[in-house]
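# Notes for the structure review
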Amino acid sequence: MEGSGGGGALRCPPHSHYELCGPCCPATCAGRDSCAGRGARGSRCCEGCACDAGFVLSGAACVPLARCGCFRGGRYRAPGAAWYPGPGCARRCHCGAGGAVTCAPRPCGRGRVCGLRGGERRCLPEGRGACALAGPAHVLAFDGRVLPLPPLPRAPFRPERCEQVLARAASRGPCRFGVVVARDGAGPLSLHLNLSGHLLQLDRSRVGVITVDGEHCRLPWVLPGGKAWATLEGRHVVVHTACGLHLMYDWGSQVHLTVPSTFHGQLVGICGAFGGKDGPLDPPLDKRSWFKGLITNPCPLPQPNLDFTISCPTQPPQIYNAPKLCRLLQAPDGPFGRCLDHISPKPFLRICLQNICHTHGQHLGLCDALTAYTAACQEAGIPVKLWRGPKLCPLTCPPRSHYSICARTCDGGCVQPTSPAHCSTQCYEGCECAPGLIFDGRDCVSQDRCGCFYSGRYIPVGDALVLPGCQERCMCLRGQGLQCQPFSCPQGTGCILDGGVRCCEAGEGATCRLELGGLFTTFDGFSGLTPMPVMSSAYELATLVGSRPEDPDWFHVIVDFLPCPGCTALKPRVIVGFRDGCAAVGTNQEIWVNGRPARLPAQVCAGVVARWAEGSRVVIERPPTLRVLVGPEGAVALRASPALRGRLRAACGDYNGVAADDLMLPGRLRGASLIDVFQACRAPGFNNCAEKLVTPAVTQHFTGRRRPSERPHG
């Protein structure tokens, strides 16, 4: 049917007709007009197409009322539509004739998994997305694009270090996780995996160890409940999760992250959205907000380079030799021949060409690309032939072992057969023990020197483990297994995690440490990257529970990050307040006591003194309960005596001997990271303690000598 409205022809779909003044809110299959709840009803009329008599709207079509679909769970479904109403796609529902809905068990078949696409649960083809850090200079995103990483900014008197969000589950998905990488000029320093309220950490300096909620654990390791486990596979540690995420790290320059198709469109980070609407560079990374609040000292973001133009220095030998050196990646008869049809070598070839150009033709750039392609192929279960040699990327192995392109260090190691720490079915390149020996996570040993397993933990022979609460101590003895005995801390001490190891605190108490650009460690030993604000703000590190400023024993410790235009990173002043006085240490170690510039040593109030200590540190202490040390580069250490055990709160924790609750927020909610804890401990500024701390009248060195221009005050 055609109508003439405004001089133009209007063609209407079947079973409808043109009306100059028809209903603005026509009847629909949902049993009510299409404007219900939107305030558009009334006597108004609208020009357009209207359903014929006896027909109503079903989506954009007019159908007889008898052919309407189904209205279930607040949503309208067209006739014949099928959907999965619940997680896991265990039951499938169908909209039948007359609006009848039938549901029956019908899980996804072999080769398919339940996931979200277009806002609907669907059975998707089983597959995996892969992202990699291939050396210190490149990210290989989920969509196959190569992102060159800008060099790190140089900060005077401070090591180059920054953090990047590799990937994070942005919305609903099989599990909530976030992967943050801290890197320096040589590549990844550490990986931080937040998974279901637990913080797992892998450090370049601690090979064979995973840190779980602040406690060092030897590999293999299993999270109680089996939601995650970590194994040694060749030269890598592989963290597996029950929701299908795999994180692989070689304690060097290579990181490999794979996720199942159930995360399709659910991820954010420099790896990209994994099949979502936006790629990693669309819109530009600096216009996106997913990284804000997740990391504290962000790395420079990759810049778009969609065609990946190879920028090579003008040294002809490097330009001519690069393709020759890199051709190993795509040679059909080469070591990666069986992988070429499954995983494209082109991104790795681009990385190789760029690296060789910028390393002046050295093999180091080639090694990063070959190693990354090897890991990608082997993680997918595709065999790779031997390619390393004495002159090409040699890999040295410890005594009683040798290099293998297909090493099985997990199932060929000291792994408990019944352990839930399932070894990978694939083999990975790495060092393999000599015949008759097996790998215990650190050395090649005989079978009888394999260690013990306890609650998902591996304990080498001769090592001891103090269990949570410090009420039991277990030791792994050769030929005798795990032997446990009752244990208790001496009177006046408590059970803490110190440097990742559970032990009884020394008589003088426990320490909370804040290192700028490094780790923040609570009194109970929980540790993570120190949150570094991007704008001025103050945070309370410690104070007494239930105490008020007018109480004799009240105190608080504040770190106050001041505005600093042009600074590469903010540095805090430290304020320690008591009932009868306060002391402040400025960003350049200026000293203020009770609002006035001061020289050290100085009396703050009764029982409290500020003085110099070794290492150009300032000490503010109230013996014997509290000592605060402030270093010249802004590091802060709080030492609390056992008398304060269980009486503290704020960012440094409650000092109760349980590190697992140090992410607890007000209201007994658990934070996802230390960033949440610091945000919950924000404090107002305290200028009454240091009115002019930024431009002090007195600057004093550790030597105690005055500069020639200084005059005594007072």
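Source: prediction; values computed, not measured.

Conventions we followed
Residues numbered from 1 in each chain as written. Predicted model: local features only at pLDDT ≥ 70, side-chain atom pairs only at ≥ 80, totals over all residues. Heavy atoms only, no water. Helix = DSSP H or I, 4+ residues; strand = E, 2+ residues; numbered from the N terminus. Buried < 20%, exposed > 50% of the residue type's maximum accessible area, 1.4 Å probe, protein only. Contact = heavy atoms within 4.5 Å. Areas by Shrake-Rupley, 256 points an atom, 1.4 Å probe, with all protein chains shown as cover. Salt bridge = Lys/Arg side-chain N within 4 Å of Asp/Glu carboxyl O. Pairing = 2+ DSSP bridges. pLDDT = per-residue confidence, 0-100. Disulfide = S-S within 2.5 Å. Core = buried A, V, L, I, M, F, W, Y, C linked by side-chain atoms within 4.5 Å. Polar contact = N/O pair within 3.5 Å; in protein donor to acceptor, adjacent residues only side chain to side chain.

### Describing the overall build of the chain
The number of helices and strands found in the chain is four helices and 57 strands. The burial tally for the chain puts 49% of its 714 residues in the buried class. The contacts in the chain between residues at least 6 apart in sequence include a share of 51% that link residues at least 24 apart. Total accessible area computed for the chain in this model is approximately 33,900 Å², and 54% of it derives from carbon and sulfur atoms.

### With respect to the pattern of salt bridges
According to the stated counting rule, one finds 14 salt bridges in the structure shown. For Glu429, the salt bridge identified is with Arg388, shortest N-O distance 2.8 Å. Placement of the pair is Glu429 in strand β30 (residues 428–433) and Arg388 in the loop between α3 (363–379) and β29 (401–407), with a sequence separation of 41 residues. Arg388 matches Glu429 in its accessibility class, with the two residues each being buried.

### Re the pairing of strand β43 (residues 537–544)
Counted residue by residue, β43 has eight buried out of eight residues, so it is predominantly covered. Looking at chain direction, β43 and strand β44 (residues 555–561) are connected through six bridges and run antiparallel. Note on β44: the bridge partner recorded for Glu540 is Ile558. In this sheet, strand β57 (residues 682–683) lies alongside β43 in antiparallel orientation, the contact comprising two bridges.

### Structural notes on the confidence of the model for the chain
For the chain, the mean per-residue pLDDT works out to 79, and 80% of the residues sit at or above 70. When pLDDT is averaged over each helix and strand of the chain, the minimum, 46, is found for strand β1 (residues 2–5) and the maximum, 94, for strand β26 (residues 246–249). Note on residues 155–159: pLDDT under 50 across the span, and six contacts to partners over four residues away in sequence or across chains.

### Considering the sheet that holds strand β10 (residues 91–95)
Two pairing modes exist for strands in a sheet, parallel and antiparallel, and in both the strands are linked by backbone hydrogen bonds. An order of β9-β10-β11 is seen for the three strands of this open sheet, with the pairing classed as antiparallel. The outermost strands of the open sheet, each flanked by one partner alone, are β9 (82–83) and β11 (101–105). Sheet topology note: the β10/β11 ladder contains five bridges and is antiparallel. Paired with Cys93 across the bridge in β11 is Cys103.

### So, the state of the cysteines
One pass over the full model with this rule turns up 19 disulfides. Across the disulfide, Cys51 is cross-linked to Cys62 (sulfur-sulfur distance 2.1 Å). Between Cys51 and Cys62, the disulfide has an S-S torsion of -80° and is therefore left-handed. A residue pair is termed long-range when its members are at least 10 positions apart, and Cys51 in strand β4 (residues 45–51) and Cys62 in strand β6 (residues 61–64) qualify at 11 residues. Cys62 carries the same exposure label as Cys51, and that label is buried. Not part of a disulfide, Cys605 finds its nearest cysteine sulfur in Cys582, a span of 8.9 Å. Given the relative accessible area of 10%, Cys605 is considered buried.

### Some remarks on the nonpolar core
Counting residues in hydrophobic clusters, the biggest one holds 55 residues, and the most contacted among them are Phe520, Phe523, Leu541, Phe555, Ile620, Val628 and Leu638. Ignoring sequence-local partners within four residues, the contact set of Leu638 consists of Ala510, Thr511, Cys512, Phe523, Leu541, Ala542, Val557, Arg627, Val628 and Cys652. Residues Phe142, Val212, Leu223 and Cys271 belong to the second largest nonpolar core, which totals 45 residues.

### Overview of the environment of Asp440
Locating Asp440 in the fold gives a position in the loop between β31 (438–439) and β32 (444–445). Here the alpha-carbon distance between Asp440 and Cys410, two residues 30 residues apart in the chain, equals 9.0 Å. A polar atom in the side chain of Asp440 sits 2.7 Å from the backbone nitrogen of Asp443.

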